[in-house]
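Residue-level structure breakdown
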Amino acid sequence: RSDFELKTPEQFIAMRKAGLITAKALEAVRAACVAGISTLELDRIANETIESFGAHSNFQLVAGYNHTICASINHEVVHGIPAEARILEAGDILSVDCGAEIDGWNGDSAITIIVPNADGSVPETDQVRQRIELSRVTEGSLWAGIAALAKAERLNEVGAAIEDYIDAQGRYGILEDYVGHGIGRNMHEEPPVYHFRTKDLGPKVTPGLAVAIEPMVTAGSNKTKVLADGWTVVSKDSSAASHWEHSVAVTESGVWVLTALDGGKARLEALGVPFGGLSA
Ligand code: MG
Ligand code: MG
């Protein structure tokens, strides 16, 4: 018995709709993201994309939050607020978090972008190279966590896999102040998903489980503070940060990455993990 709702295959198919719309909104943001654009403009693009599919932003349902995305620049880790005055520069590392709700089901996903010039190039500096590497390591850790979920007996094996992956790449800070979560009828549900090894084994992993895995990683310390706006979480040592997130379903045949355009198929196959996608 669990204290969170396990979903049926039919419910996962409904959730996939929310996940796919979330993926398309983030893809639109990625395509539009270029030096000189404001984070408020990216917010508008995400919202238009979500509404074009008849869905709505679930971030706007969070009490006190009035935007569609969180846009966190450089040493901002998560919960950065879009603003007209936040103009992106080439080489900035930008984490974009977004979610959509449709038919009562939710998607939640985040990507990191190294902001390019109009011609697609990025500044060739050590700082930018480190930011590219930080994003690669963080995204890789997310997929290590997804791969672990496919084989896990207990949920906290996911966090151990993420931590081991990151530790093998170099010295990074894995946030412990903020963690992943179950997802379904609400964007945030039980159980918590840790991105690091814990003593507690966590709940059993069975078909029907849906979780948002979302490692938040810095190039320095994992200590954070919240800015005076009450939202923006920054690294205490001002080191750059990256955030990658997917909503993932455990099915009878494997895992289904609900917020990946292809359901995770290509990347899961490369990792030797069974793709658990369902069709109506
Ligand atoms: Mg999110
Ligand atoms: Mg989340």
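Below is a summary of the structure that appears in this document. Each residue is numbered by its place in its chain's sequence as written, counting from 1. Chain A is the first chain written and ligand 1 is the first ligand written, with later ones labelled in order. Local features in a predicted model are, by the rule used here, given only for residues with pLDDT of at least 70; side-chain atom pairs are given and counted only at 80 or more, and totals for whole chains, interfaces and linings are based on all residues. The basis for every side-chain value is the complete set of non-hydrogen atoms in the structure, without hydrogens or water.

1. Remarks on the overall build of the protein chain
Numbering of helices and strands runs from the N terminus, with a helix taken as a DSSP run of H or I at least four residues long and a strand as a DSSP run of E at least two residues long. Each helix and strand counted, the protein chain has 5 helices and 15 strands in total. Taken over the C-alpha trace, the protein chain has a radius of gyration of 18 Å; the compact-globule value for 280 residues is 19 Å, and the two agree within 12%. With the C-alpha coordinates of the protein chain rotated into their principal frame, the extents come out at 50 × 40 × 35 Å. A 1.4 Å probe rolled over the protein chains alone gives each residue an accessible area, and that area as a share of the maximum for its type sets the label: buried under 20%, exposed over 50%, partly exposed in between. For the protein chain, buried positions account for 54% of its 280 residues. Contacts are assigned to residue pairs with any non-hydrogen atoms lying within 4.5 Å of each other. Intrachain contacts of the protein chain at a sequence separation of at least 6 include 68% that bridge at least 24 residues. Only four residue types enter the charge count, namely Lys and Arg as positive and Asp and Glu as negative; His and the chain termini do not. Every charge is mapped onto a representative atom, which is NZ of Lys, CZ of Arg, CG of Asp or CD of Glu. The averaged location of the 38 negative side-chain charges in the protein chain is 4 Å from the averaged location of its 23 positive side-chain charges. In this treatment the radius of gyration is a C-alpha quantity, and the globule benchmark scales as 2.2 Å times the residue count to the 0.38 power.

2. Notes on the pattern of salt bridges
Salt bridges are defined as contacts in which a side-chain nitrogen from Lys or Arg sits within 4 Å of a carboxyl oxygen from Asp or Glu. According to the stated counting rule, one finds 12 salt bridges in the structure shown. Across the pair Glu139 and Arg267 runs a salt bridge whose closest N-O atoms are separated by 3.2 Å. On the criterion of sequence distance, the pair formed by Glu139 in helix H3 (residues 126-151) and Arg267 in helix H5 (residues 265-271) is long-range, its members being 128 residues apart. A residue is classified by how much of its surface remains accessible, and Glu139, at 21% relative accessible area, is partly exposed.

3. Here we look at the sheet that holds strand E6 (residues 173-174)
Reading across from one edge, E6-E10-E13 is the order of the 3 strands in this open sheet, with antiparallel pairing throughout. Each having just a single partner strand, E6 and strand E13 (241-243) make up the two edges of the open sheet. The pairing of strand E10 (residues 216-218) with E13 spans 3 bridges and is classified as antiparallel. Following the sheet pairing, Val217 is matched in E13 by Ser242. Simply put, an axis is a line fit to the C-alpha atoms, just over the touching stretch for a helix, and the angle between two N-to-C directions goes from 0 to 180 degrees. This element, H3, spans E10 and E13 of the sheet and lies at about 35 degrees to E13. Strand pairing is defined by DSSP finding a minimum of two bridges between the two strands.

4. A few points about the state of the cysteines
Simply put, the disulfide is a covalent bond whose two ends are the sulfur atoms of two cysteines. The disulfide criterion is simple: two cysteine sulfur atoms within 2.5 Å. For the structure on display, the rule yields 0 disulfides. With no disulfide of its own, Cys98 has Cys70 as its nearest cysteine by sulfur position, at a separation of 9.2 Å.

5. Points about the coordination of the magnesium ion (ligand 1)
Counted as coordinating are nitrogen, oxygen and sulfur atoms within 2.8 Å of the metal, or 3.2 Å for Na, K and Ca, while water is not included, which may make sites look incomplete. On the protein side, the magnesium ion (ligand 1) has Asp97 (OD), Asp97 (OD), Asp108 (OD) and Glu245 (OE) as donor atoms, found 2.1 to 2.6 Å from it. Between consecutive donor residues of the magnesium ion (ligand 1), the sequence gaps follow D-x10-D-x136-E. Metal-to-metal, the separation of the magnesium ion (ligand 1) and the magnesium ion (ligand 2) is 3.1 Å; Asp108 coordinates the two. On the criterion of sequence distance, the pair formed by Asp108 in strand E5 (residues 105-114) and Glu245 in the loop between E13 and strand E14 (246-251) is long-range, its members being 137 residues apart. On the accessibility criterion, Asp108 (2% relative accessible area) is buried. Taking relative accessible area as the criterion, Glu245 reaches 0% and is therefore assigned buried.

6. Side note on the coordination of the magnesium ion (ligand 2)
The magnesium ion (ligand 2) binds to the protein through Asp108 (OD), His181 (NE2), Glu214 (OE) and Glu245 (OE), with metal-donor distances spanning 2.1 to 2.3 Å. Mapping the donors of the magnesium ion (ligand 2) onto the primary sequence yields the spacing D-x72-H-x32-E-x30-E.

7. Let's talk about the sheet that holds strand E9 (residues 210-213)
Strand order in the open sheet formed by 5 strands is E8-E7-E9-E14-E15, and the pairing between neighbours is antiparallel. For this open sheet the edge positions go to strand E8 (189-193) and strand E15 (254-257), each flanked by a neighbour on one side alone. Sheet twist, expressed as the mean angle between neighbouring strand axes with direction ignored, is 25 degrees.

8. Here's the deal with the packing of helix H1 (residues 9-32) against helix H2 (residues 39-52)
The interhelical angle for the contact between H1 and H2, taken along N-to-C directions, is 145 degrees, at an axis separation of 8 Å. Handedness of the crossing formed by H1 with H2: right-handed. In this structure, H1 uses Ile21, Lys24, Ala25, Ala28, Val29 and Ala32 to contact H2, whose residues at the interface are Leu42, Ile45, Ala46, Thr49 and Ile50. Throughout, a crossing is termed right-handed when the near helix is turned clockwise from the far one, and left-handed when it is turned anticlockwise from it by less than a right angle.

9. Side note on the pairing of strand E2 (residues 69-73)
With 5 of its 5 residues buried, E2 lies for the most part within the structure. Every second residue of E2 is oriented toward a common face, with Ile69, Ala71 and Ile73 on one face and Cys70 and Ser72 on the other, all of them buried. Pairing analysis gives 5 bridges linking E2 to strand E4 (residues 93-102), with the strands arranged antiparallel. Opposite Ile69, over in E4, you have Cys98 as the bridge partner.

10. Comments concerning the packing of H3 against helix H4 (residues 157-167)
Each pair of packed helices can be summarised by the angle the axes make with each other and by the distance between the axes. Axis separation between H3 and H4 bottoms out at 8 Å; the angle between their running directions is 145 degrees. Judged by the twist between their axes, the crossing of H3 over H4 is right-handed. Residue-level contacts link Arg136, Val137, Gly140, Ser141, Ala144, Gly145, Ala148, Leu149 and Lys151 of H3 to Glu157, Val158, Ala161, Ile162, Tyr165 and Ile166 of H4. Side-chain classes are defined by residue name, with Ala, Val, Leu, Ile, Met, Phe, Trp, Tyr, Cys and Pro counting as nonpolar, Asp, Glu, Lys and Arg as charged, and the others, Gly among them, as polar. In the contact of H3 with H4, the residues fall into 9 nonpolar, 3 polar and 3 charged.

On their own, these measurements won't tell you what the molecule is for.
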